[in-house]
Each structure stands twice: as structure tokens, then as C-alpha cells.
Amino acid sequence: TQAEERQTRQVVRGVVNVFAQNQEEFSDSFVDWSAWDGTYTFIEDADPQYIQSNLIPEALVNLKLNLVLFVHHSGRIVFGTRFDLKTQQQTPIPQELIEQFANSDRLWQHNDLTSRTTGILLLPSGPMVITSQPIVTTKGIGPIRGTVIFGRYLDADAIKKLAQINRVSLKIYPVNEAEL
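Residues numbered from 1 in each chain as written. Predicted model: local features only at pLDDT ≥ 70, side-chain atom pairs only at ≥ 80, totals over all residues. Heavy atoms only, no water.

A.B. asks: Quick one: what's the story with the overall build of the chain, residue by residue and with numbers?
C.D. replies: Along the backbone of the chain there are 8 helices and 6 strands. Written out in order from the N terminus, the α and β elements of the chain read α-α-α-α-α-β-β-β-α-α-β-β-β-α. Counting across all 180 residues of the chain, residues that qualify as buried make up 36%. Considering only intrachain contacts with a sequence separation of at least 6, the fraction spanning at least 24 residues in the chain is 57%. (Helix = DSSP H or I, 4+ residues; strand = E, 2+ residues; numbered from the N terminus. Buried < 20%, exposed > 50% of the residue type's maximum accessible area, 1.4 Å probe, protein only. Contact = heavy atoms within 4.5 Å.)

Here is the structure:
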């Protein structure tokens, strides 16, 4: 019926809006990292002190980050790590994941000082909210020296929270999943 269809469309719109709001809040959390003189210097000199001072396990837990990737404008990866929030262990980013990111110019390259790309990627290990931002000075000026990418898995708790906000039952399935 038309009433059921209208209600379904409203629920879907609500879920999409919550996802969009979640992505925007996630992206906004990292503007200070991408537009910061410390990061601007690090992308050129790769000083390990920057990582030791800023990307300690406690900071990654507080930010609820599972992925951090700093890419020089030349395409060279200056630093990248995956982080397990439960074990608080950092591991290298698998090459296939780096290649998946590299195949997306929107994630890898920025031509505008204020550009940001934010969205949800379905990775082999699950859905992840991603933000990609150009590395500029604290004053927001360039030239752009590279890109910083941050990621957070949408785990069961995050999905549950989104479902509660929308007051609906929400599950995420890969497109080729039989249950879909």
C-alpha cells in the first residue's frame, strides 16, 4: 500500500541521514590533524617522533581509530597502520587494502585545500567509515603536501547505536550475501 511505501521511504531516509551525520562528525574530528603544521612537516621529513608523540595506542583508542594512513603527494606512503581497539595492537596495512585505496583518486589525491572525502567502504574485514583530507598548514594554506586517511570499522556496537537512533532493526550485508 501507499502508506507502507511512504513509511518505508521515511525509515530509509532516516537511516541514510544518520549515516551521513555520523560520517560528517567522524570527518570533522580529524580536521585538526590534516590542517596542522606538525603533520605538514611530518609528511616531508617522516620524523618518527611525530608518530611516537601523536599516534600512541591511548590516542588511537580515544579516537576509536582502526586505520591511519599518511600519503605524500608523490604517492609514497610515509606512515600507515591498522589498529585493533580490543588488543591495542598496531599491524601493517595489507598491500591489497593499500591498492584498493590507491585505485580511488578521490581518496588518494586532493586538488583543493578544503576538500574532504568521507564515506563508508566495504572492506573484506567489514564496513569502515573513512575520511580522506589534504595535508595543509595550520592556517589552511598549501601547497597540499599529501593526504591523511583515517578509518573506523562499523562494528556491531556502532550498527546497534545507529539502529537505536533510528528506532529500527538495522543490519549490513555485502551485496552478494544470500541473506540480502
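Still to come is the rest of the account.
A.B. asks: Provide a residue-level description of the nonpolar core, including the pertinent values.
C.D. replies: Generally speaking, a soluble globular protein has its nonpolar side chains buried in company with each other. F42, L55, L65, V68, F70 and F150 are the most contacted members of the largest nonpolar core, which totals 21 residues. Where this core is concerned, the elements lending two or more residues are α3 (37-45), α4 (48-54), β1 (67-72), β2 (77-84), β5 (126-135) and β6 (146-153). Not counting chain neighbours up to four residues away, the residues in contact with F150 comprise F26, F30, W33, L65, L67, V68, V129, I130 and T131. Residues L69, L97, I130 and I149 belong to the second largest nonpolar core, which totals 13 residues. (Core = buried A, V, L, I, M, F, W, Y, C linked by side-chain atoms within 4.5 Å.)

A.B. asks: So what's going on with the sheet that holds β6? Residues and values would help.
C.D. replies: Read across the open sheet, the 6 strands follow the order β3-β2-β1-β6-β5-β4; overall the sheet is antiparallel. The sheet is open, and its two borders are formed by β3 (89-91) and β4 (117-123), each paired with just one other strand. This sheet shows a mean twist of 25° between the axes of neighbouring strands, independent of strand direction. As paired elements, β5 and β6 share 8 bridges and run antiparallel to each other. Considered in β6, the bridge of T131 is made with F150. The strands touched by α3 are β1, β2 and β5; relative to β1, the strand with the most contacts, the crossing angle is about 65°. Its contacts with the sheet put helix α6 (residues 95-102) on β1, β2, β4 and β5, and the angle it makes with β4 is roughly 140°. (Pairing = 2+ DSSP bridges. Axes fitted to C-alpha atoms, helices over the stretch in contact; angles between N-to-C directions.)

A.B. asks: Could you give an account of unusual backbone geometry, with specific residues and numbers?
C.D. replies: Of note, the bond from G142 into P143 is cis; its omega dihedral lies within 30 degrees of zero at 15°. A positive phi angle, near 55°, is found at K64, a position not held by glycine. You can see K64 is positioned in the loop between α5 (57-63) and β1. A positive phi angle, close to 55°, is found at Q88, a residue other than glycine. Mapped onto the elements, Q88 comes out in the loop between β2 and β3.

A.B. asks: Pulling in residues and values, what's your account of the packing of aromatic side chains?
C.D. replies: In this structure the tally under the stated criterion is 8 aromatic pairs. A ring pair is formed by F30 and F150, whose centres lie 4.3 Å apart and whose planes are at 20°; its orientation type is stacked. Within this pair, whereas F30 is found in the loop between α1 (2-28) and α2 (31-34), its partner F150 is found in strand β6, the two being separated by 120 residues in sequence. This pair shows no difference in class: F30 is buried, exactly as F150 is. Cluster of aromatic residues (ring-pair linked, three or more members): F30, W33, W36, F42, Y50, F70, F79 and F150. (Phe/Tyr/Trp six-rings, centres within 6.5 Å; stacked < 30°, edge-to-face > 60°.)

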